[in-house]
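Breakdown of the fold
Each chain is listed here by its residues.
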Amino acid sequence: MESGSNFGSFAGNLMSKSIVVSHLKRTKINTALTETPVGLAICVKGWVRTKRESKNVVFINLNDGSTIDNLQIVVNPAQFDSSILDTISTGASMSISGKLNESQGAGQRVELIAEKLEILGVADPEKFPLQPKRHSLEFLREIAHLRPRTNTFAAILRVRHNLAYAIHKFFNDKGFVYIHTPIITGSDAEGAGEMFRVTTLNPTNPPKTDKGEVDYTKDFFGKETNLTVSGQLEGELAALALTEIYTFGPTFRAENSNTSRHLAEFWMMEPEMAFYDITDNMDLAEEMLKYIIKYALQNCTPDLEFLNKRLLEEEKNKKQEERSEMSLLERLAFIVDNDFVRLTYTEAIDILRNSKSNQKKKFQFLIEEWGADLQSEHERYLVEKHFKKPVILKDYPATIKAFYMRQNDDGKTVAAMDVLFPGIGEIIGGSQREERYDKLYDKIRELGIDEDTLWWYLETRKFGTVPHSGFGLGFERLVQFVTGMGNIRDVIPFPRTPGSADF
Ligand code: 4AD
Ligand code: MG
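Residues numbered from 1 in each chain as written. Chains lettered and ligands numbered in written order. Predicted model: local features only at pLDDT ≥ 70, side-chain atom pairs only at ≥ 80, totals over all residues. Heavy atoms only, no water.

Turning our eyes to something else, we now look at unusual backbone geometry. Although it is not a glycine, Phe275 adopts a positive phi angle of roughly 70 degrees. Tracing the sequence through the fold places Phe275 in the loop between strand S11 (265-274) and helix H8 (278-299). A positive phi angle, close to 55 degrees, is found at Lys388, a residue other than glycine. Tracing the backbone shows Lys388 in the loop between helix H13 (376-387) and strand S13 (391-397). (Helix = DSSP H or I, 4+ residues; strand = E, 2+ residues; numbered from the N terminus.)

The following block contains the structure:
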């Protein structure tokens with residue numbers, strides 16, 4: 001990697017070139033590394049990753065987040081004030097101008113011969129927590145304000161961006177309309193009661209009703225409100241006019257799940273389509289996932305190769321039987337190239353009940369009878385052990401699913417569908433919706449849901465109702481799958497989990 005650059009011969013040009021470099025516009029490091037012609041004078045700005053010095057040369061690796069790769073800056077120490085050179089350390093921000101030379105070392109096309117160095121912000125090496133070595137993910141979570149400056153997190157953030165863009169592109173190209181659904185709502189879309197309250201009432205002395213209860217009619221919105229758990233219900237209203245829509249925004253769940261797959265604040269992408277039945281819904285979910293993952297494979301190659309290598313390193317520390325059979329890149333290609341397996345909940349229960357894991361009591365939650373809710377260990381058994389493919393389960397028992405799902409003719413199941421992925425379990429949850437007013441109304445009554453909070457939802461079934469379907473993709477679970485990160489806290493810039501809302 002060390003390059004024996006030829007600034008000896010270049011030094012003669014220094015004076016004339018330094019006039020040129022003083023007015024240069026900033027070039028992104030990605031552009032400099034891949035496109036800018038050799039010989040051009042450029043200016044780059046970024047953060048120092050490493051500095052290595054010897055008597056005759058100082059090498060600075062500079063990164064600006066435009067790519068995983070650093071630009072190597074070659075400095076002739078004789079040309080600069082040593083007090084300036086001494087303040088350059090890992091984490092410092094700099095503006096550097098000079099001439100782009102063909103790199104003498106392996107691994108990079110070009111390097112920059114520095115003619116002008118400016119330190120924008122120093123980073124005291126005694127105090128700056130990121131050093132050029134591998135830090136644990138746990139430690140990095142404690143310094144989430146600085147972790148985007150690591151290779152791993154910058155790569156994850158760029159992949160995350162590309163996945164979001166691919167979602168918008170997929171739906172835009174199909175003519176879906178992006179709908180912004182509200183974040184503050186007065187209803188509980190999933191009926192699970194796991195909501196964060198939104199209020200401006202004084203917490204120590206709220207107004208009370210005659211019965212001694214908090215009087216929410218005096219609250220900001222004149223009623224109880226909360227942060228939304230899903231944009232679906234409002235999405236349905238739009239689909240029943242525009243036919244094909246999607247929402248993509250933050251959702252909030254006050255469930256006390258301290259797992260590697262749950263966040264209290266996460267992003268959900270929810271398409272909703274009039275005139276789609278459950279099969280159309282499954283087809284769209286499969287096509288979409290393949291499209292997005294293919295997009296990432298084609299557009300995030302350097303970052304995914306880096307994450308692939310990272311995971312292979314991590315796997316080396318695992319026991320043989322715990323290692324995955326496929327590398328990250330193989331897993332992604334596998335999803336794109338293979339049909340998902342589709343089966344009913346009832347068929348899945350039979351497989352699980354008869355599985356070795358169940359009979360040898362290896363599951364934490366044993367499957368005993370039809371109607372049991374599936375845990376992540378069951379979902380992953382089906383995907384990773386039994387089918388070795390992504391799985392779409394459908395027709396779940398009505399008792400374990402939300403009120404809005406379409407009731408099947410058997411009187412026991414609903415037209416629900418969950419997409420299950422290796423390493424993740426449920427990545428998508430969706431259904432055909434109950435479009436029949438009477439059936440929906442009876443269900444709402446049966447579950448004791450306050451129908452006054454859903455009068456507008458019910459009205460759509462009175463005026464021009466149509467069969468329709470939709471689903472929700474947990475965006476961070478997708479990012480987890482594509483980046484191979486084991487913990488969901490590491491794929492969102494600033495995670496919110498029970499007991500933790502820093503940054
Ligand atoms: O299955 P869920 O609860 O479905 C809905 O909210 C429906 N309204 C979606 C729809 O039909 N429009 O959530 C959808 C997905 C899950 O499959 C999962 O990937 C993700 O959202 N998810 C979470 N992701 C991170 N943290 C949590 N606490 C999550 N809860 C659900
Ligand atoms: Mg679900």
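Moving on, we come to the packing of aromatic side chains. Summed over the entire model, instances satisfying the criterion amount to 19 aromatic pairs. Here the aromatic rings of Phe170 and Phe171 are separated by 5.0 Å at their centres, their planes lie at 85 degrees, and the arrangement is edge-to-face. Residue class for Phe170 comes out buried when judged on its relative accessible area of 3%. Take Phe171: its relative accessible area is 0%, and that puts it in the buried class. Aromatic pair Tyr345 and Tyr396: ring centres 5.5 Å apart, planes at 40 degrees, arrangement tilted. With Tyr345 in helix H11 (residues 345-353) and Tyr396 in strand S13, the pair connects residues that are 51 residues apart, well separated along the chain. Overall, Tyr396 belongs to the buried group, its relative accessible area being 2%. (Phe/Tyr/Trp six-rings, centres within 6.5 Å; stacked < 30°, edge-to-face > 60°. Buried < 20%, exposed > 50% of the residue type's maximum accessible area, 1.4 Å probe, protein only.)

Once that is clear, we can look at the site of ligand 1. Around ligand 1 there are 24 residues in total, and Glu190, Gln232, Arg253, Glu270 and Glu426 lie nearest to it. Measuring from a nitrogen atom of ligand 1, one finds a side-chain N or O atom of Glu255 at 3.0 Å. Summarising the interface, the protein chains cover 94% of the accessible area of ligand 1, which totals 630 Å² for the free molecule. More than half of the atoms belonging to ligand 1 lie within 2 Å of the grid points that define the second largest pocket. (Near = heavy atom within 4 Å. Polar contact = N/O pair within 3.5 Å; in protein donor to acceptor, adjacent residues only side chain to side chain. Areas by Shrake-Rupley, 256 points an atom, 1.4 Å probe, with all protein chains shown as cover. 1 Å grid on protein atoms, 1.4 Å probe; cavity = no way out; pocket = protein on both sides within 12 Å on 5 of 7 lines; lining within 4 Å. Sits in = over half its atoms within 2 Å of the grid points.)

For the rest of this paragraph, the subject is the layout of surface pockets. In this structure, the largest pocket occupies an estimated 1400 Å³ of space. Lining the largest pocket are 47 residues, with Arg49, Ile68, Asn70, Asn151 and Phe306 sitting closest to its centre. Only helix H3 (29-34), strand S1 (41-53), strand S2 (58-63), helix H5 (137-142), helix H6 (151-173) and helix H9 (301-316) provide two or more residues apiece to the lining of the largest pocket. The element that contributes the greatest number of residues to the lining of the largest pocket is H9, accounting for seven residues. The residue inventory of the lining of the largest pocket, partitioned by class, reads 15 nonpolar, 18 polar and 14 charged. The two domains that each donate at least three residues to the lining of the largest pocket are domain 1 (2-133) and domain 2 (148-194 + 229-490). There is about 1200 Å³ of room inside the second largest pocket. Looking at the second largest pocket, it is lined by 45 residues, and the ones nearest its centre are Arg253, His262, Lys401, Glu426 and Arg477. (Points joined across faces, edges and corners; volume = space filled by probe spheres on them. Nonpolar A, V, L, I, M, F, W, Y, C, P; charged D, E, K, R; others polar. Domains from an automatic or database assignment.)

With respect to the secondary-structure elements, Asn281 resides in helix H8. A polar contact of 3.4 Å, which involves the side chain of Asn281, links it to the backbone oxygen of Ser431. Sequence-distant contacts of Asn281, defined by excluding residues within four places in its chain, comprise Met273, Tyr276, Met417, Gly430, Ser431, Gln432, Ser469, Gly470 and Phe471. (Contact = heavy atoms within 4.5 Å.)

Let us now look at the packing of helix H10 (residues 328-337) against helix H16 (residues 475-483). Direction vectors running N to C along H10 and H16 enclose 120 degrees, while the axes themselves pass 8 Å from each other. As far as their axial angle goes, H16 and H10 are oblique. The segment H10 lies against H16, with Leu328, Arg331, Leu332 and Ile335 engaging Phe481, Val482 and Thr483. A per-class count over the contact of H10 with H16 returns five nonpolar, one polar and one charged. (Axes fitted to C-alpha atoms, helices over the stretch in contact; angles between N-to-C directions. Parallel < 35°, antiparallel > 145°, perpendicular 65-115°, else oblique.)

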